[in-house]
2 protein chains.
Amino acid sequence: MPITLKKIDQYYQENYETIIEQFSKFLSFKSVSTDTAFEEELLSCANWLMQFIKERLNFNVELIPTVTGKPLILAKNHCGEDKKTLLYYGHYDVQPADPYDKWLSDPFVAEIRDGRIFARGAQDNKGQTFFVLKALEFLVQQNSLNCNIILLIEGEEECGSVGIEKALPELKTTLEAADLLLVCDTGTLSPLQGAITMGLRGICGLTVSLGGLRCDLHSGVHGGVAPNPAIELVRLLASLYDTNLRVKVPGFYDDIIAPTEEELAEAKKAPITDELYKQIAGAPPMGGEKGKDFHLRRSFLPTLEINGLSSGYQGPGMKTIIPQEAFAKLSCRTAFGQSSKKIIERLESTIKEMAPDYLELKITDVEAGGDGVRARLDSPHVQKAKQLLKQVYNGADPILIWEGASIPVVSNLCKTADTEPLMVGFGLEEDNIHAPNESFSLEQFRRGLIFTAKFVEDFASEQDNS
Amino acid sequence: MPITLKKIDQYYQENYETIIEQFSKFLSFKSVSTDTAFEEELLSCANWLMQFIKERLNFNVELIPTVTGKPLILAKNHCGEDKKTLLYYGHYDVQPADPYDKWLSDPFVAEIRDGRIFARGAQDNKGQTFFVLKALEFLVQQNSLNCNIILLIEGEEECGSVGIEKALPELKTTLEAADLLLVCDTGTLSPLQGAITMGLRGICGLTVSLGGLRCDLHSGVHGGVAPNPAIELVRLLASLYDTNLRVKVPGFYDDIIAPTEEELAEAKKAPITDELYKQIAGAPPMGGEKGKDFHLRRSFLPTLEINGLSSGYQGPGMKTIIPQEAFAKLSCRTAFGQSSKKIIERLESTIKEMAPDYLELKITDVEAGGDGVRARLDSPHVQKAKQLLKQVYNGADPILIWEGASIPVVSNLCKTADTEPLMVGFGLEEDNIHAPNESFSLEQFRRGLIFTAKFVEDFASEQDNS
């Protein structure tokens, strides 16, 4: 007899204290991946997680070493060759907790206030990974885990996913067994309505600098004569856009697989107005190419953003210099269909062409971090998830989201495993991920647990449509 | 019988030790004007200098309070109503000595090495003011000071000269007596050849920022939708120049009094090639408006430079944000004939016009620091200085320099005193003014002393040509 949502909920309620205790332990590790000062904590966290999976789920667990030294956890059960296989991707590393003084409680000592659990990683992605683990544990306890599960939990999503990317080719044989990739590293728009993320953009970036002056020069002695790296850089950067803010890098809009009319119609259901956007962002949605639809710009078109600028004097008052150097940090979100590698190469060569030959051009930090992904509207997994989310959210239809953001490794995971993605997350804007006082609503955690347990059970019993 | 150069030299040689001792005392005061931490040292320095002038020159000395609290020294002798009057302008404040660890000896303990005296202010402007004082002392001792002298020595040239500028109207009656303004705050191109600075540009500047976002935004979630302050700022800044780097601010080239053919021909005598320039600056002289002559760009045309840029992330690697804000520091050198105040107003209104209305524009630190000045080629004082410099430099003809730089208060001093300027300095590029290990060649100091003593003696005996 199939498990009811009520039964899973009952499990959550009865085991609440144990869940919180285990979850708090998971959150106590300072598994900050970007800072090597936390290297040992990262390893301790991985070890604890492996132990947890081994003991509670009785999975076979391996620590896959990576080139970056940040280990990847691979865990599997043995259900049967003839059973379906679900690949779950998550990460146990977190963003730095700085600035510490803005936290109301210790970021690595979980605290529950107003129905939310506060800690770094509470949502992103320890929280969302933990409800998945608890959902699987529930199924194991019930003897209801009737499919093969591959857990791939990395320790460096917050700092580039280089290790997992490099490890993927060796994992290909293992991953190819998967019939579906489940990712719970996304969110929904409101606590009243679930969401399925139907697309992600890819990402790439670089740092460009212009220099060559011997030092900062006196702007009176040299002004009008010495080439000014700051002036030349702003001219170079401005020349990357036309007057409508359309990116002028040749080929920048090639290979885009545009959304179908149906997809665009679904995206437009997002309950967001210019006024609401201004409340969220502080400014009206006037970025991106003029005249293009809000949803196209937000989810389906590539971007070229300046993420940082630096040159010369930045203190109070005036300092009359011609700065020795000027640099900018640029990054692109690439559209589904595009190659992030190709886009960054095109940007790099355009910059090289446009830079003045009398200054020194340096291009560094060139990174192509993954391509865009898109789920099919007619996927049976999406259909199933929609039905289930409706039940979990008391009858409210879920929304479909095409995210402008990226989870770099997802596209490569889909390619390596030759499978489709299903991205269902329970995060909310108010969770403050990456910011001080990150938290996760325990109600959303509960929904995540119920959704995952039921989805996996149903997945196991479905006919293979692949 | 007129004093010979030899006799002044003899005085220098015989009093060398006393001169160095007094000069070293003057250099020991940490009279850093920009940092209030040094306020007491600045006052001690002013007091010592007043005492020195009183005791050694027997001048009447007053401390003129200023709105900035950085006192201005006014000193005068009483030679006679019918005598000519020379106004000397200098400053006793210095730049900060940072970075201290780059100094080979304590910046506030004078040390002589290889014929140079090392200390902060050794040249700029304690050194050049001190040879003037010693020259006057010599004339007083010889009973040969036959003109009225007005010394105006400020304590804030290195941080904006606001106090002296505001004090000028009240000093007008005193200053109007002057027949000539002597300034020794400039340099020459080589130790083999003297120089007269025939012109200075004016100066003005501002800080512009674009912001309005609630915080740094996620470049995936908001990219393509949120307006990017860094992109908008580089577009705004780039739009201030045409493709030839001619400044597009309306009226930016109005009111310029171009150099005469003779002046330009003199300016072109400066022994500087593109190759030499590249050695000095690190890059070839490709700044300023394309197609315009090097010397015009260097000395006679206004500039609009970006002195600083800042926005978003400036650390290593990539941070995928849309920065909350972006700002730039801009300054102009204005041409002779132009009003710095008018130019900065035009720049400000152009920026206001061009800024996008969906971001918050802030313009701060608006400063108009003085207009350009130019000395007349046919001035008898210039002619006299030329002859004298030739003698001081063993027969080498002096060069005439139209500086691209500014000494902000000079134009206003000329206007207030209704007099012409004579700018003769003995500084050299290797003095490292404003930098660590500032020094002044004692040979240049000696020449400065000889030149000043003889020039003042001759000035006193000339017929009034004004």
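Parameters at a glance
- Residues numbered from 1 in each chain as written.
- Chains lettered and ligands numbered in written order.
- Predicted model: local features only at pLDDT ≥ 70, side-chain atom pairs only at ≥ 80, totals over all residues.
- Heavy atoms only, no water.
- Salt bridge = Lys/Arg side-chain N within 4 Å of Asp/Glu carboxyl O.
- Helix = DSSP H or I, 4+ residues; strand = E, 2+ residues; numbered from the N terminus.
- Buried < 20%, exposed > 50% of the residue type's maximum accessible area, 1.4 Å probe, protein only.
- Axes fitted to C-alpha atoms, helices over the stretch in contact; angles between N-to-C directions.
- Parallel < 35°, antiparallel > 145°, perpendicular 65-115°, else oblique.
- Left-handed = near helix turned anticlockwise from the far one by under 90°.
- Contact = heavy atoms within 4.5 Å.
- Nonpolar A, V, L, I, M, F, W, Y, C, P; charged D, E, K, R; others polar.
- Buried area = accessible area lost by both parts, 1.4 Å probe.
- Polar contact = N/O pair within 3.5 Å; in protein donor to acceptor, adjacent residues only side chain to side chain.
- Pairing = 2+ DSSP bridges.
- Domains from an automatic or database assignment.

A. Geometry of the pattern of salt bridges. What the rule picks out here adds up to 58 salt bridges over all chains. Between A:Glu420 and A:Arg376 there is a salt bridge; the shortest N-O distance is 3.4 Å. With a gap of 44 residues between them, A:Glu420 in the loop between helix 12 (409–417) and strand 17 (421–424) and A:Arg376 in the loop between strand 15 (373–374) and helix 11 (380–392) connect regions that are remote in the sequence. For the salt bridge of B:Lys390 with B:Asp397, the shortest nitrogen-to-oxygen distance reads 3.4 Å. Residue B:Lys390 is classed as partly exposed on the basis of its relative accessible area of 35%. Within the structure, one salt-bridge network assembled from shared partners comprises A:Asp9, A:Glu443, A:Arg446 and A:Arg447.

B. Inspection of the packing of helix 5 (residues 162–175) of chain B against helix 12 (residues 409–417) of chain B at higher detail. Residue and element names in this part refer to chain B. Following both chains from N to C, one finds helix 5 and helix 12 inclined at 30 degrees, their axes separated by 9 Å at the closest point. Relative to helix 12, the element helix 5 is oriented roughly parallel. As helix 5 runs across helix 12, the sense of the crossing is right-handed. Mapping the contact onto sequence places Ile164, Glu165, Leu168, Lys172 and Leu175 in helix 5 and Val409, Asn412, Leu413, Lys415, Thr416 and Ala417 in helix 12. Grouping the amino acids of the contact of helix 5 with helix 12 by side-chain chemistry returns six nonpolar, two polar and three charged.

C. Quick look at the interface of chain A and chain B. Chain A puts 79 residues into the contact, and the matching count from chain B is 79 residues. Where chain A abuts chain B, roughly 5,900 Å² becomes buried across the two surfaces, and 57% of that area is made up of carbon and sulfur atoms. Contact with chain B buries area across many residues of chain A, yet A:Val225, A:Leu309 and A:Met318 alone supply 11% of it, more than any other trio. The interface formed by chain A and chain B holds zero salt bridges in total. Linking chain A with chain B are 50 residue pairs in polar contact (both at pLDDT 80 or more). Relative to strand 11 (residues 303–312) of chain B, strand 11 (residues 303–312) of chain A is paired through five bridges, and the arrangement is antiparallel. The partner of A:Leu309 across the bridge, within strand 11 of chain B, is B:Ser311.

D. Just the side chain of B:Ser310, in detail. If you trace the backbone, B:Ser310 turns up in strand 11. Within the structure, B:Ser310 has its side chain in polar contact with the side chain of B:Gln314 (distance 3.1 Å). Other than its neighbours up to four places away in sequence, B:Ser310 contacts A:Leu309, A:Gln314, B:Glu325, B:Ala326 and B:Phe327.

E. Main features of the domain arrangement of chain A. Residues and elements named next belong to chain A. What the domain assignment lists for chain A is domain 1 (5–200 + 372–461) and domain 2 (202–256 + 302–368). With centres defined by C-alpha atoms, the gap from domain 1 to domain 2 works out at 37 Å. On the domain 1 side of the contact with domain 2, Gly372, Arg374 and Ser406 bury the most area, a combined 71% of that side's loss. Summed over the shared surface of domain 1 and domain 2, the number is zero salt bridges. Along the contact surface separating domain 1 from domain 2 lie two residue pairs in polar contact (both at pLDDT 80 or more). Here the residues of the side of domain 1 that touches domain 2 sort into four nonpolar, three polar and one charged.

F. Representation of unusual backbone geometry. Residues and elements named next belong to chain A. Between Asp124 and Asn125 the backbone carries a cis peptide bond, its omega angle lying at -5 degrees. Mapped onto the secondary structure, Asn125 falls in the loop between strand 5 (116–118) and helix 4 (126–141). Of note in this structure, Asn58 is not a glycine but carries a positive phi near 60 degrees. The phi angle at Asp114 is positive, at roughly 50 degrees, despite the residue not being glycine. Here Asp114 is to be found in the loop between strand 4 (111–113) and strand 5. You can call Asp114 exposed: its relative accessible area is 79%.

G. Structural context of the sheet that holds strand 18 (residues 439–441) of chain B. All names here are of chain B. Sheet architecture is open: three strands sit in the order 4-5-18, paired in antiparallel fashion. Looking along the sheet, the strands with just one partner apiece sit at the ends: strand 4 (111–113) and strand 18. The average angle at which neighbouring strand axes cross in this sheet is 25 degrees, direction not considered. The sheet contacts of helix 13 (residues 442–461) involve strand 4, strand 5 (116–118) and strand 18, and relative to strand 18 the element is tilted by about 65 degrees.

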